[in-house]
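# Structural features, examined
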Amino acid sequence: MRCSKLVMCALSSTQALDEALVRSVQCSKQARKALARGDVPVAWLDVTAADDAVAERLAPLLAGPARCAHDDDAFEAHNARTKREFVELFAGDGLDPANNELAPATAVAVARGLDLDAADAFCDLGCSAGALTMAVAVATEARLAHGVELSPRGTERALLAKERCGDDRVEFFQGDLRDGVDHAAYDVFYCGIRGVASRPRVLGDLLETLCAQDKPYRLVCAGFGVDIRGLYGDRVSLVRATVLRRAGAGASYADAIPLYGEGEGPRVLLEYSIT
Ligand SMILES: C[S@@+](CC[C@H](N)C(=O)[O-])C[C@H]1O[C@@H](n2cnc3c(N)ncnc32)[C@H](O)[C@@H]1O
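Residues numbered from 1 in each chain as written. Predicted model: local features only at pLDDT ≥ 70, side-chain atom pairs only at ≥ 80, totals over all residues.

### What to know about the environment of Asp-234
- Position of Asp-234 among the secondary structure elements: in the loop between strand 6 (217-222) and strand 7 (236-246).
- On the basis of neighbour counts, which here come to 11 C-beta atoms within 10 Å, the residue Asp-234 falls in the exposed class.
- It is 35 Å that separates the C-alpha atoms of Asp-234 and Val-138, two residues lying 96 residues apart in sequence. (Helix = DSSP H or I, 4+ residues; strand = E, 2+ residues; numbered from the N terminus. Buried ≥ 20, exposed ≤ 12 C-beta atoms within 10 Å, placed from the backbone.)

### Examining the site of the ligand
- Residues in close proximity to the ligand total 26 residues, the closest being Asn-99, Gly-126, Ser-128, Leu-150 and Leu-177.
- Secondary-structure elements contributing two or more residues to the shell around the ligand are helix 7 (131-139) and strand 3 (144-149).
- Looking at the shell around the ligand, its residues break down into 13 nonpolar, seven polar and six charged. (Near = placed C-beta within 6 Å. Nonpolar A, V, L, I, M, F, W, Y, C, P; charged D, E, K, R; others polar.)

### So, the pairing of strand 3
- Buried residues dominate strand 3, accounting for six of its six residues.
- Burial along strand 3 is two-sided: the face carrying Leu-144, His-146 and Val-148 and the face carrying Ala-145, Gly-147 and Glu-149 are both buried.
- Bridging between strand 2 (residues 121-125) and strand 3 involves five bridges; their strand directions are parallel. Counted as the bridge partner of Cys-123 is His-146 from strand 3.
- A crossover links strand 2 with its parallel partner strand 3, the connecting element being helix 7, and its sense is right-handed.
- Bridge count between strand 3 and strand 4 (residues 170-174): five bridges; the pairing is parallel. Each residue of the ladder has a partner; that of Gly-147, found in strand 4, is Phe-172. (Pairing = 2+ DSSP bridges. Right-handed = clockwise from strand over helix to strand, strands pointing away.)

Following this line, the structure appears as structure tokens:
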């Protein structure tokens, strides 16, 4: 079942990616080469008016706490906590705390593009305030929509979204994506962590953990690839690339929606299959 789903998606397009889109893929020369050669099927996913409509239901669930004024004590406390979290949880291991969220309509389209059905358990690795996890709950039939986030403050915000939606498929955990969840409980992972320097090591650790288990997984990486030669090369393969655009747009770098909203932000989702 899972295989035929992948093959169906893979056949949706066989065009090679625009050169600038290939260049935008970080961390893996191997992935860029495969994309440039046209070895990887590319699917363009249109963000439609229907996604916008679902996003309108999603946005209130994701609303954060009111912003404090720049000169009050709450703002000082907020900054002090950010600094403490960074020093205690991120800095020592060279991890990147950048917590950009997918915009609601983008999150809905990404969730829809994951092609999840009622047999799939999904986990967002580095879920920040939970935009994608909540979109999976709102827009798909997945049996679990979970997220793990290293930042306690990010996790608190995500838990607020869970409380608002009252869907018992949703759960959030505070911890490291490498050992803060029971990976075997899931079938499909998404990872949008930032940090060009530390990401290859973090993803290497993750793949080692996944490959140590006798279970297939899908892993979708937002804007970056993984070098899959070596230890786990025979279990892991790059199976497709997905790029978001507004309905009716073309197939160039400029037509692709930057996933995290910045001009030069990641645009290509790469899906790896772990068999
Ligand atoms: C760009 S955000 C991803 C947002 C979310 N996935 C979404 O799509 O809306 C990246 C998040 O990964 C978290 N992160 C970075 N390294 C991590 C790790 N090793 N374990 C868990 N979370 C991590 C950061 O704190 C940040 O909140």
